[in-house]
Amino acid sequence: MATVDIGTIVSLCKRRGFIFPASEIYGGLGSTWDYGPLGVELKNNVKRAWWKAVVYDRDDIEGMDGAILMNRLVWKYSGHEATFSDPLADCRECKGRFRADKAYELDCPRYKRKVIECSANLTEPRAFNLMFKTQVGPVEEDAALAYLRPETAQSIFVNFKAIVDSRWRKVPFGIAQIGKAFRNEIVPGNFTFRTREFEQMEIEFFCKPGTDEDWHAHWIEERHNWYLRYGIRPENLRRYVQQPAELAHYARACTDLQYRFFPEREDAEKQWDELEGIANRTDYDLSVHSKGKQEKWRLHNEHSTQSLLYRDPVTNEKFVPYVIEPSAGADRATLAFLLDAYSEKAGADGEPRVVLKLHPALAPIKVAVLPLARNKSELVEKAKAIKSDLQRRGIRAVYDDTAAIGKLYARQDEIGTPFCVTVDYDTLGVGKAQAGEPATSPVTTALKDTVTVRDRDTWEQARIPIAGLPEFFAERLGPAL
RNA sequence: GCGGGAGUAACUCAGUGGUAGAGUCACGGCCUUCCAAGCCGUUGGUCGCGAGUUCGAAUCUCGUCUCCCGCUCCA
């Protein structure tokens, strides 16, 4: 299977209306991207597929949608105010950049020595704050400092008690959320892989201490299978178990699902990067947001008004739930599905044509209805009527007659439309008169009110009665998201 | 932030001091019975931006912005 580099996808995305550089007519803004007409459909489908899998298809997850602006104290007690601000220094000699507080122990990337040995060439440390700051209140001097949330998870933790109380939930259960998050990344890049504004799809799954390892394993399995179900090829997806030294101080374990985003890189290890992280965060999060002294984490929360201690209503047992966090990036998932769907196939003329083999549930457009020729009004009217009917039944369909049939097929292949419906003369039951032959024949009469349905991946065609189209597509497009 | 590379039409690019181009794409017309057909026509670029040198700058010089690659960061 051919692999594709991101540059090819960037070009395709712009040319066909998936993703554009943001603010482009003003020269752009670093690392911001806008989803265009097809991109928004694709990304919405990715998000709906995720929501369906984790909320609708299960009975132990609630959904929510939290505010981007939150009380600053949330970030104080979550630890972000302290850890999201790093002093960094540059080395003028080897061109490396290091955390000033760790520089002495690090190896110089260019010379065989520790960074401390070239410390005379280090620039003064500068503070890099990874959280976007803004103000709440229009008068700048009086306004309160606020941050754009750097992750969606905290919305879930601070709503834990409200959801338990309002939805009669018992642990184990989870809360799912899709939303924007913002990080002033030092080095964004690689298209939508790392951007400063991005969308997360996160679950915080609360469970009893002692059952956490089983739930962790469960979620790794669930999430891995979700990507496979929606078309990611197994050879491009792997699990990476974080080593103890890589773990956050409170995390007990973390397994990343990595996708082969960069197959063009020579170093095989660098071809892989994180698609989703599934962490066992222990009871850290609910503890730090609980009022009072938290011995285990050696901190005292003097601002929170609530204890997030959980009391099991059946056993009366009290404990702070452990949290399993499957945290996925909506933009990264969308990019992975795009990369994985890309394929090329030789056309009749031998030239390669792009076919985007998106899973039907993710495809921006499900069916394109096309007239075989556009200068025959009967073909045009019939095709438009079929398009309207399919759309009324909830199947995303478009009509197009702006080119010859071959080009129309090629265009739909390139944007991943699974099926094309073509209205021809047989559909009208009037077979075109050939020299010396009657205008109609028994064969064409039998084909009246049927259309051809062309498959994107095989380019094979089937003759289907118009009345049978909804059922035909329902079987092949799968359940609605 | 440092180093390297690059900015010319929607895309891919040519154009090294003298009237801004090609292919593709897009749009319209004619035509067309199924895989990017043909013919005709059309739209679209202050050559990233700003200075400077010059009779004259896409081209030379300086500055600046943006993007890409690499490095440092990413609970």
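Refer to the structure presented above.
This section reports on the structure supplied with the text. (Residues numbered from 1 in each chain as written. Chains lettered and ligands numbered in written order. Predicted model: local features only at pLDDT ≥ 70, side-chain atom pairs only at ≥ 80, totals over all residues. Heavy atoms only, no water.)

Relative to each other, helix α1 (residues 6–16) and helix α9 (residues 330–341) sit at 100°, their axes nearing to 10 Å. As summarised for this structure, α1 and α9 are arranged roughly perpendicular, according to the angle between their axes. Where α1 approaches α9, its residues Ile6, Ile9 and Cys13 are matched on the opposing element by Leu335, Leu338 and Leu339. Classifying every residue of the contact of α1 with α9 gives six nonpolar, no polar and no charged. (Axes fitted to C-alpha atoms, helices over the stretch in contact; angles between N-to-C directions. Helix = DSSP H or I, 4+ residues; strand = E, 2+ residues; numbered from the N terminus. Parallel < 35°, antiparallel > 145°, perpendicular 65-115°, else oblique. Contact = heavy atoms within 4.5 Å. Nonpolar A, V, L, I, M, F, W, Y, C, P; charged D, E, K, R; others polar.)

The sheet built from five strands is open, its strands ordered β22-β21-β23-β24-β25 with mixed pairing. A single partner strand is all that each edge strand has here, and the edge strands are β22 (397–399) and β25 (461–465). Neighbour-to-neighbour, the strand axes of the sheet open up by a mean angle of 25°, direction not taken into account. Where strand β24 (residues 450–455) meets β25, five bridges bridge the pair, whose relative direction is antiparallel. Bridge assignment links Val453 to a residue of β25, and that residue is Ala462. (Pairing = 2+ DSSP bridges.)

Ile9, Phe18, Trp219, Trp226, Tyr227, Phe261 and Phe337 are the most contacted members of the largest nonpolar core, which totals 66 residues. Excluding its chain neighbours within four sequence positions, the residues that come into contact with Trp226 are Val46, Ala49, Trp50, Ala53 and Phe337. Grouped together as the second largest cluster of nonpolar side chains are 21 residues, Leu379, Ala383, Phe419 and Val423 included. (Core = buried A, V, L, I, M, F, W, Y, C linked by side-chain atoms within 4.5 Å. Buried < 20%, exposed > 50% of the residue type's maximum accessible area, 1.4 Å probe, protein only.)

A word on the sheet that holds strand β13 (residues 273–280). Strands belonging to one sheet form pairs held by backbone hydrogen bonds; the direction of such a pair is parallel or antiparallel. The sheet built from seven strands is open, its strands ordered β3-β9-β10-β18-β13-β12-β11 with mixed pairing. Among the strands making up the open sheet, the edge pair consists of β3 (61–64) and β11 (237–241). When the angles between neighbouring strand axes are averaged without regard to direction, this sheet yields 20°. Bridging between β3 and strand β9 (residues 173–182) involves four bridges; their strand directions are parallel. Counterpart to Gly63 in the pairing with β9 is Ala176. Relative to the sheet, helix α7 (residues 212–229) contacts β3, β10 (197–207), β11, β12 (253–259), β13 and β18 (322–329), its axis offset from that of β13 by approximately 155°.

Here we come to the environment of Pro172. Within the secondary structure layout, Pro172 lies in the loop between α6 (160–166) and β9. Residues Pro172 and Ala462 lie 290 residues apart in sequence; the distance between their C-alpha atoms is 49 Å. Contacts of Pro172, omitting those with residues within four sequence positions, involve Asp60, Phe205, Phe206, Cys207 and Trp215.

It is the contact of helix α2 (residues 37–56) with α7, at a shortest axis distance of 11 Å, that shows an interaxial angle of 140°. The angle between the axes of α2 and α7 places the two elements in the oblique class. Our pair here, α2 against α7, has a crossing hand that is right-handed. For the pair α2 and α7, the contacting residues are Val46, Ala49, Trp50, Ala53 and Val54 in the first and Trp219, Arg223, Trp226 and Arg229 in the second. (Left-handed = near helix turned anticlockwise from the far one by under 90°.)

In this section: the environment of Lys376. As for its placement among the helices and strands, Lys376 is situated in the loop between β21 (367–371) and α10 (377–392). Residue classification places Lys376 among the partly exposed positions, given a relative accessible area of 31%.

In short, geometric facts, not functional conclusions.
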